[in-house]
Amino acid sequence: MEIWINPACSKCRSAISLLDAEGAEYTVRRYLEDVPSEDEIREVLGRLGLEPWDITRTQEAAAKELGLKEWARDDSSRDRWIKALTEHPKLIQRPIITAEDGTAVVGRTDEAVRDALGRV
């Protein structure tokens, strides 16, 4: 199990606390420092069953500068979105937890974190 976090994020800290309380074994990836590649983003999206725009923080300043709200959300635009996430990792929704069963969740709630823990 791996968790992608921004240490400044309260949702990330909460997820870490819950994982620790449950005695979970996991590795931490500070994705702002260890930026995921385009292939890693694609893999996580596949595990999440989501599209890149589904995990994009569109209220961030970088999103507004790029005009992401105006970008198409279709197959032909997918690579453009993924490239934006690698070039501006702060746009990636957090925390993302990869579960042992090959799936992943966006762990913004205790329920989502517990869901990841139950996926063995």
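Before going into details, it helps to say that this report is about the structure given with it. Numbering of residues starts from 1 in every chain and runs along the sequence as written. A pLDDT threshold of at least 70 governs which residues receive local features in this predicted model, and a stricter bar of 80 or more applies before side-chain atom pairs are shown or counted, although totals over entire chains, interfaces and linings include all residues. Excluded from the side-chain calculation are hydrogens and water; included are all heavy atoms of the structure.

1. As for the pattern of salt bridges
A pair is scored as a salt bridge if a Lys or Arg side-chain nitrogen falls within 4 Å of a carboxyl oxygen belonging to Asp or Glu. Within the structure shown, the criterion is met by 10 salt bridges. Between Asp39 and Arg42 there is a salt bridge, and its shortest N-O distance comes to 3.4 Å. Residue Asp39 and its partner Arg42 are located together in helix H2 (residues 38-48), separated by three residues, close to a single helical turn. Here Arg57 makes a salt bridge to Glu60, at a shortest N to O gap of 3.1 Å. Per-residue accessibility, obtained with a 1.4 Å probe over protein chains only, is compared with the maximum for each type, and a residue is labelled buried under 20%, exposed over 50%, and partly exposed between these values. Classification of Glu60 as buried rests on a relative accessible area of 16%. When salt bridges with common partners are traced through the structure, they connect Glu38, Asp39, Arg42 and Asp79 into a single cluster. Each helix corresponds to a stretch of at least 4 residues labelled H or I by DSSP, and each strand to a stretch of at least 2 residues labelled E; elements are numbered beginning at the N terminus.

2. A short note on the sheet that holds strand E4 (residues 104-106)
Backbone-to-backbone hydrogen bonds pair the strands of a sheet. The strands run either parallel or antiparallel. Ordered by their spatial adjacency, four strands build an open sheet running E2-E1-E3-E4, and the pairing between neighbours is mixed. Each edge of the open sheet is held by one strand with a lone partner, namely strand E2 (27-30) and E4. Taking the axes of each pair of neighbouring strands and ignoring which way they run, one obtains an average angle of 20 degrees across the sheet. Two strands qualify as a pair provided DSSP detects at least 2 bridges between them. Pairing between strand E3 (residues 96-98) and E4: three bridges, direction antiparallel. Paired with Ile96 across the two strands is Val106, which belongs to E4. Contacts are residue-level and defined by heavy atoms, with any inter-residue pair within 4.5 Å sufficient. Angular values range over 0 to 180 degrees, each being the angle between N-to-C directions of two axes fitted as lines to C-alpha atoms, with helices fitted over their stretch in contact. Against the sheet, helix H5 (residues 110-117) touches E3 and E4, its axis set at about 170 degrees to E4.

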